[in-house]
Amino acid sequence: MRSPVRGYLRRRLIPLAFGIALVLFVTVSSVPAHKAGAAIPPTDAQHMAAATAAITPTRKVRLPLLQSSYGFHLQTPNPRNIGITLAGSRAASATVPPPGGTLAATAADGTRFTLTLPADALLLTTTITMTPISGVTNLPQGVRFVAGVHLEPEGLRLYQLATLVITPTVAVPITREVPFASSALGQDVYMYPLDHKTRPVTFWLAHFSEFSLGDGGPIPVKPDLDSIPLLPEEQYMQELQTLVQNQRQAELLGVEGDPDYLKKMIALLRGYY
């Protein structure tokens, strides 16, 4: 049988030829139990590093978001919890085999959610449930909840990146997007990077929890949601979001981007690993 770990190393880690000595980091507290002898899936940070390794920088632009710092520095946690209400009647479930599959759901307001799991994302055939979120409380002032979903099994780690596309009935302007994630129905919320090249709101996922989109107008909005997440991996993702979101704005708005984008990405990766 083909080894999913061998396939992961070939397709995901090898492209990370940044000259960085990649140290495998596993946040034990956030990884669900696995069968004895089974491989541990990669973390979100490793997945996102691979997904952004081949980005081509464009020229510099001044955009109304806070700039990411060079490097990654672990901070003392100051977590924020939010309240999440699920629209249980709108939930969709499917049994997805290792070759992959797609699951779709629609919120009460017509927002569409599409989850796509590629081949080798799962080791075993798994029942996946996607439940639209109907409401969120305790977001920072100036951030309005637009749409989101809760994915189960909660905490499931994937061996290949899945994609979650959120299509609201009314699109959020690119400069006002506030993508965020949380776990266990609103615990430890943190900013989460979107795909930087596609206009549809696309999350690249390495695990299952809650993923949401907010409207952050008026600009500027503090990109950290006034919090510092508990886990190092979440702090890294939050820092990465600031960097990627600036590039997303530049590419999709057709303006000049940051010529130091890759330099900052490399510094961020070195600081994390």
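Now for a quick tour of the structure. Quantities reported herein were computed from a predicted structural model and do not represent experimental measurements. (Residues numbered from 1 in each chain as written. Predicted model: local features only at pLDDT ≥ 70, side-chain atom pairs only at ≥ 80, totals over all residues. Heavy atoms only, no water.)

## Side note on the overall build of the protein chain
Right, so step 1: Scanning the protein chain from N- to C-terminus turns up 4 helices and 11 strands.
Right, so step 2: With 273 residues in all, the protein chain has 52% of them scored as buried.
Right, so step 3: For the protein chain, long-range pairs separated by at least 24 residues make up 79% of all intrachain contacts whose partners lie at least 6 apart in sequence.
Right, so step 4: A total accessible area of about 12000 Å² is found for the protein chain, and carbon and sulfur atoms account for 58% of it. (Helix = DSSP H or I, 4+ residues; strand = E, 2+ residues; numbered from the N terminus. Buried < 20%, exposed > 50% of the residue type's maximum accessible area, 1.4 Å probe, protein only. Contact = heavy atoms within 4.5 Å. Areas by Shrake-Rupley, 256 points an atom, 1.4 Å probe, with all protein chains shown as cover.)

## As for helix α3 (residues 232–253)
Right, so step 1: Over its 22 residues, α3 extends 32 Å from the first C-alpha to the last, a length consistent with the 32 Å expected when each residue adds 1.5 Å.
Right, so step 2: The element α3 is extensively covered by neighbouring structure, given that 18 of its 22 residues are classed as buried.
Right, so step 3: In the segment just after α3, Gly 254 is the residue with positive phi, at about 70 degrees. (Expected span 1.5 Å × (residues − 1).)

## Comments concerning the pairing of strand β6 (residues 144–152)
Right, so step 1: Counting buried positions over the 9 residues of β6 gives 7, a clear majority of the element.
Right, so step 2: Both strand β5 (residues 126–137) and β6 contribute to a ladder of 4 bridges, which runs antiparallel. Each residue of the ladder has a partner; that of Met 130, found in β6, is Leu 151.
Right, so step 3: The hairpin formed by β5 and β6 contains 6 residues between the paired strands, and Asn 138 there has a positive phi angle of roughly 70 degrees.
Right, so step 4: By the bridge criterion, 6 bridges tie β6 to strand β11 (residues 210–215) in an arrangement that is antiparallel. Within β11, the residue paired with His 150 across the bridge is Glu 210. (Pairing = 2+ DSSP bridges.)

## Considerations on the environment of Tyr 190
Right, so step 1: Tracing the backbone shows Tyr 190 in strand β9 (residues 187–191).
Right, so step 2: With a relative accessible area of 2%, Tyr 190 lands in the buried category.
Right, so step 3: Between the C-alpha atom of Tyr 190 and that of Ser 227, which follows or precedes it by 37 residues, the distance is 7.4 Å.

## Points about unusual backbone geometry
Right, so step 1: Pro 153 follows Glu 152 through a cis peptide bond whose omega is 10 degrees.
Right, so step 2: Turning to its location among the elements, Pro 153 is positioned in the loop between β6 and β7 (157–167).
Right, so step 3: Its identity as a non-glycine residue notwithstanding, Asn 138 has a phi of 70 degrees, on the positive side.
Right, so step 4: With respect to the helices and strands, Asn 138 occurs in the loop between β5 and β6.
Right, so step 5: A positive phi angle is found at Leu 185, which is not glycine, with a value near 60 degrees.
Right, so step 6: For Leu 185, the location among the structural elements is in the loop between β8 (177–183) and β9.

## As for the sheet that holds strand β10 (residues 201–207)
Two strands in a sheet stick together by hydrogen bonds in their backbones, pointing the same way (parallel) or opposite ways (antiparallel).
Right, so step 1: Reading across the sheet, the 4 strands line up as β3-β4-β7-β10 and stay open at both edges, with antiparallel pairing between neighbours. In this open sheet, the two strands that pair with only one neighbour each are β3 (101–106) and β10. Direction aside, neighbouring strands of the sheet carry axes that sit 20 degrees apart on average.
Right, so step 2: Here 5 bridges tie strand β4 (residues 112–117) to β7, and the two strands are oriented antiparallel to one another. Along β7, the bridge assignment pairs Thr 114 with Val 165. (Axes fitted to C-alpha atoms, helices over the stretch in contact; angles between N-to-C directions.)

## Comments concerning the packing of aromatic side chains
Right, so step 1: One pass over the full model with this rule turns up 4 aromatic pairs.
Right, so step 2: Ring plane angle 75 degrees and centroid distance 5.2 Å describe the contact between Tyr 192 and Phe 211, whose orientation is recorded as edge-to-face. Highlighted residues: Tyr 192 in the loop between β9 and β10 and Phe 211 in strand β11, separated in sequence by 19 residues. For the pair shown, Tyr 192 and Phe 211 are each scored as buried.
Right, so step 3: An aromatic cluster is built from Tyr 190, Tyr 192, Phe 203 and Phe 211, whose rings are joined through pairwise contacts. (Phe/Tyr/Trp six-rings, centres within 6.5 Å; stacked < 30°, edge-to-face > 60°.)

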